[in-house]
Structure formats: C-alpha cells, structure tokens
Amino acid sequence: MELKIAAAILTAASGVTSYMGARAEANRLDSNADSVLDKAEYDSIVLKRKYQDDTQQIAFQKSLAEYNKSQELTSFTQEVQILEDDFEAQLAKGIMSMGYGGTFSSVIDAAEKKANDKLKAIYSENSDKFLQSNMQIDEYDRQILNLNEVGEAESKMVLHTGQVQSMQLQQQADSTRLAAKGALLGTFAQAGMNYKLMS
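Residues numbered from 1 in each chain as written. Predicted model: local features only at pLDDT ≥ 70, side-chain atom pairs only at ≥ 80, totals over all residues. Heavy atoms only, no water.

Q: Residues and numbers for empty space enclosed by the protein, please.
A: Under the criterion given, the structure shown has one cavity of 30 Å³ or more. There is about 40 Å³ of room inside the largest cavity. Around the largest cavity, the lining residues are Leu-83, Asp-86, Phe-87, Gln-90, Ala-111, Lys-114, Ala-115 and Lys-118. Only helix H1 (2-96) and helix H2 (104-198) provide two or more residues apiece to the lining of the largest cavity. In terms of residue class, the lining of the largest cavity is built from four nonpolar, one polar and three charged. (1 Å grid on protein atoms, 1.4 Å probe; cavity = no way out; pocket = protein on both sides within 12 Å on 5 of 7 lines; lining within 4 Å. Points joined across faces, edges and corners; volume = space filled by probe spheres on them. Helix = DSSP H or I, 4+ residues; strand = E, 2+ residues; numbered from the N terminus. Nonpolar A, V, L, I, M, F, W, Y, C, P; charged D, E, K, R; others polar.)

Q: Tell me about the pattern of salt bridges, residues and numbers included.
A: Counted according to the given criterion, the structure contains 12 salt bridges. Lys-62 is the salt-bridge partner of Glu-66, the closest N and O atoms lying 3.8 Å from each other. One end of the pair, Glu-66, and the other, Lys-62, are both in helix H1, four residues apart, so they sit about a helical turn from each other. Looking at Glu-66, the relative accessible area reads 36%, which means it is partly exposed. Between Glu-139 and Arg-142 there is a salt bridge; the shortest N-O distance is 2.7 Å. Of this pair, Glu-139 and Arg-142 both sit in helix H2, separated by three residues, roughly a single helical turn. Classification of Glu-139 by relative accessible area gives partly exposed; the value is 31%. A cluster of three or more residues bridged by salt bridges with shared partners is formed by Asp-30, Asp-174 and Arg-177. (Salt bridge = Lys/Arg side-chain N within 4 Å of Asp/Glu carboxyl O. Buried < 20%, exposed > 50% of the residue type's maximum accessible area, 1.4 Å probe, protein only.)

Any functional reading would require information beyond the geometric quantities listed.
See below:
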C-alpha cells in the first residue's frame, strides 16, 4: 500500500514540477512580451525624434532661403528705386539742357530708353534669382512634408511590429499555461489511475 501511495505521490510531484516549469516559462514569455512592447514604444519615439530633428534642420535651411530671398527682394527694390531716381534726374537734366539743341521728346525718349534697358536687365537678372529661391523653398517644403509623413509611417510601423510580436508572445504564454494546466490535470488523473490499478 505504501508503494502505491509513493508511486501516486511521485507521479503527482512530477506533474506539479512540470506545471511549475511551464508556468515559469509562461511568465518569462509574458515578461518578454512586455519588454518587446516597451522597446517598440521607445524605438518609435526615438525614430520620431530623429525625423523631427531632420525636419527642424531642413526648416532652418528653408528659413535661411526665405531670408536670402527677402534680402534679394530688398536689393531689387532698391535697384529699381535708384533707377527711377536716376531717370527723374536725367529728365530734369534734359529739361535744363533744352536750350542747347534737340527736342524735348528726343531727350525724354533717350532717357526713357536708357532707363527701360537698365530695368529690363535688373528684371532679367533678378527673375532668375527669385525663381531659384522659390524653387529652393518649395523643395524644402517638399522635404519637410516627406520627412513628416515617412517619420510618422516608420514610427507607427515599428510600434505595430512590436505590438504584434508582444501579442504573439502573450498568446504563446497563454497557450503554455493552458497546456500546463491540462498536463497537471492529466498527471493527477494518471496518478489516481496508477493508485487504483495497483490496489
């Protein structure tokens, strides 16, 4: 009789030991699931910050380009103003020299042609600068938008991947617990059967 009890106890103890090991494995899997999720959240934040830093650097470059454009515009405005002042001075000079030959309209026409030629040169030179500045600013805007979208997408992907891995580990832990409970019940049933058969 003592042999039957000892055999049943050993069988049950073996089942309890297996159950405890499986439960420890399930707890380890839960812990890993939490760690995977924490790491994914951290990596997601780091990735977002990296893209934000990149975006800020480009935004700074854009602000420099906008400043340079405003300086070019100020310079352009000053050149045009100087040209207008020069034209008015030429007109006044032409009016003063009317008594020395030539017609009033020919003096005005000559001054106007000279001013228009200079104005065309200024417009031509500055239109390329303004076009280039606008294209550069537009490119910075495109890069900023792209970095924001890509950064957000990659950050979400890292977080989603971590969530999926964490969920898989949690499911594995739940399956391990369930299997351990089933095995424990089976071991107790086996111990009972062994005890009954030995009687």
